[in-house]
Amino acid sequence: MNSIRRVISVVVTDEHGVLSRISGLFAGRGYNIDSLTVAPIPNTGLSRLSIVTSGDERVIEQITKQLHKLIPVYKVIEDAKFVEKEMVLVKIALDENLAGLDAVLKAYNGSIANSDDSKIVIMACDDADRIDGFLKTIKKYNPIDIVRGGSVALDM
């Protein structure tokens, strides 16, 4: 069967141990989490988890069924159209040839996040596949370090 990438949005009661229970569900069944982000939903007592995973249709179905069974889970959204974005931070030495960096940043919704006398930290925020492209392009600037955040997703 074909493995597919799937975004699952899970709204949970904001309480201790919920993240551990959800990650344990995945680990206990041998399912992989490609990325996971969690943030509180303002003024609700709830949090939203954006989980990116992959597997065949049967695996995805099992994951969502098991998520529905967890008590602190309020809602599972897995078969929806999502607005999904991912962020990356890249540290580059200032003694590199930075010609063309402005154009790269504009192309990938990027900007300079911080700098000091020897390096800059740039960031980009875009769709996950475009962040892949950004990282391929940015290699020519010999990055010192790269931190890629997980996807955040909101259903339409």
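Summarised in this report is the structure supplied together with it. Every value quoted in this text rests on a predicted model; they were computed, and no experiment measured them. (Residues numbered from 1 in each chain as written. Predicted model: local features only at pLDDT ≥ 70, side-chain atom pairs only at ≥ 80, totals over all residues. Heavy atoms only, no water.)

**Quick look at the pattern of salt bridges**
Scanning the model with the defined rule gives 9 salt bridges in all. Ionic pairing is found between Arg5 and Glu84, a salt bridge with its closest N-O pair at 2.5 Å. Of this pair, Arg5 sits in strand β1 (residues 4-13) while Glu84 sits in strand β5 (residues 82-93); the two residues are 79 residues apart in sequence, bridging distant segments of the chain. When its relative accessible area of 45% is taken as the criterion, Arg5 is described as partly exposed. (Salt bridge = Lys/Arg side-chain N within 4 Å of Asp/Glu carboxyl O. Helix = DSSP H or I, 4+ residues; strand = E, 2+ residues; numbered from the N terminus. Buried < 20%, exposed > 50% of the residue type's maximum accessible area, 1.4 Å probe, protein only.)

**Topic: the sheet that holds strand β4 (residues 73-77)**
In spatial order, the strands read β2-β3-β1-β4; together these 4 strands make up an open sheet with antiparallel pairing. In this open sheet, the two strands that pair with only one neighbour each are β2 (33-41) and β4. Averaged over neighbouring strand pairs, the angle between their axes works out to 20° when direction is ignored. Where β1 lies against strand β3 (residues 46-55), 10 bridges are found, and the strand directions are antiparallel. Residue pairing for β3: Arg5 is matched across the bridge by Ser54. Docked against the sheet, helix α1 (residues 18-28) engages β1, β2 and β3, running at close to 15° with respect to β3. (Pairing = 2+ DSSP bridges. Axes fitted to C-alpha atoms, helices over the stretch in contact; angles between N-to-C directions. Contact = heavy atoms within 4.5 Å.)

**Notes on the nonpolar core**
In this structure, Val10, Ile22, Phe26 and Leu67 are the most contacted members of the largest nonpolar core, which totals 16 residues. If you list the elements that add at least two residues to this core, you get β1, α1, β3, α2 (57-69) and β4. The element contributing the most residues to this core is α1, with 4 residues. The next biggest cluster of nonpolar side chains, apart from the first, holds 15 residues, and it includes Val90, Ile92, Leu101 and Ile138. (Core = buried A, V, L, I, M, F, W, Y, C linked by side-chain atoms within 4.5 Å.)

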